[in-house]
Amino acid sequence: VGSVLRQHRILSDGTDLSIPRNVNGISPNFVHSLDAAVLMAAVNLGAHNGIDCFSCIHDSIGVNAQHAGIMSATIREVSVEIFSTPVLDGVVSEMRALTGLDLPDPPPSGTMDINLLRDADYFFA
């Protein structure tokens, strides 16, 4: 069915990695890793707070209706915790240390008070 042929390659020992593909993947992979960190921390804290049933798909978390309020507060709390530190500064620092490259400084942080997330009407879907 259809006219599209997909051919997948499996990377094996001795195969060179594609530098352009790795460079292009840094930004989305970094953002997805932050999504995953929030999801993992929220599920752990939610379980600690009595939620025992989760539905997680990629970067979305579902719970039973009676736990929606707890999960909403939980997601906000772990996001404040994770993003209270300059995450991008840490990544650049680690990349400099690992590669020895003279990387530019990350852009300056904004002025938003991350603690305001706790009282936001809308934050996560």
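What counts as what
Residues numbered from 1 in each chain as written. Predicted model: local features only at pLDDT ≥ 70, side-chain atom pairs only at ≥ 80, totals over all residues. Heavy atoms only, no water. 1 Å grid on protein atoms, 1.4 Å probe; cavity = no way out; pocket = protein on both sides within 12 Å on 5 of 7 lines; lining within 4 Å. Points joined across faces, edges and corners; volume = space filled by probe spheres on them. Helix = DSSP H or I, 4+ residues; strand = E, 2+ residues; numbered from the N terminus. Nonpolar A, V, L, I, M, F, W, Y, C, P; charged D, E, K, R; others polar. Expected span 1.5 Å × (residues − 1). Bend = angle between axes of the 7 residues up to and from the residue. Buried < 20%, exposed > 50% of the residue type's maximum accessible area, 1.4 Å probe, protein only. Contact = heavy atoms within 4.5 Å. Polar contact = N/O pair within 3.5 Å; in protein donor to acceptor, adjacent residues only side chain to side chain. Salt bridge = Lys/Arg side-chain N within 4 Å of Asp/Glu carboxyl O. Core = buried A, V, L, I, M, F, W, Y, C linked by side-chain atoms within 4.5 Å.

Caption draft 1: Representation of the layout of surface pockets. Size it by volume and the largest pocket reaches roughly 380 Å³. Forming the boundary of the largest pocket are 16 residues, of which Phe 83, Thr 85, Pro 86, Val 87 and Ser 109 lie nearest the centre. Counting residues per element, the ones that place at least two in the lining of the largest pocket are α1 (19–48) and α3 (87–99). Here the element with the most residues in the lining of the largest pocket is α3; it accounts for three residues. Considering only residue class, the lining of the largest pocket consists of 11 nonpolar, four polar and one charged.

Caption draft 2: Seen up close, α1. In this model α1 runs 42 Å from its N-terminal to its C-terminal C-alpha over 30 residues, within 8% of the 44 Å that 1.5 Å per residue would give. Bending of α1 peaks at approximately 40 degrees at the position of Ile 26, with proline Pro 28 no more than four residues after it. Along α1, the residues that are buried comprise Gly 25, Leu 34, Val 38, Leu 39, Ala 42, Val 43 and Gly 46. On its buried face, α1 sits against β1 (54–57), β2 (60–63), α2 (68–83) and α3. Backbone nitrogen of Arg 21 and a side-chain oxygen of the N-cap are separated by 3.3 Å at the start of α1; the cap is Ser 18. Backbone geometry just after α1 places Gly 50 at a positive phi near 100 degrees.

Caption draft 3: Focus on the environment of Met 40. Considering the arrangement of structural elements, one finds Met 40 in helix α1. With relative accessibility at 54%, the residue Met 40 sits in the exposed group. Linking Met 40 and Ile 75, residues 35 residues apart in sequence, is a C-alpha distance of 10.0 Å.

Caption draft 4: Representation of the pattern of salt bridges. One pass over the full model with this rule turns up two salt bridges. Of the charged contacts in the structure, one is a salt bridge between Glu 77 and Arg 118, with a shortest N-O distance of 2.8 Å. One end of the pair, Glu 77, is in helix α2; the other, Arg 118, is in the segment after α3, and 41 residues separate them in sequence. Arg 96 is the partner of Asp 105 in a salt bridge, and the nearest nitrogen-oxygen pair spans 2.7 Å. When its relative accessible area of 62% is taken as the criterion, Asp 105 is described as exposed. Arg 96 gets classed as partly exposed once you look at its relative accessible area, which sits at 27%.

Caption draft 5: Spotlight on the nonpolar core. The biggest cluster of nonpolar side chains holds nine residues, and these are Val 38, Leu 39, Ala 42, Ile 51, Ile 61, Met 71, Ile 75, Val 78 and Ile 82. Sorting the residues of this core by element identifies α1 and α2 as the ones contributing at least two each. The greatest single-element share of this core, amounting to four residues, is contributed by α2.

Read these as layout, nothing more, since geometry by itself doesn't imply function.
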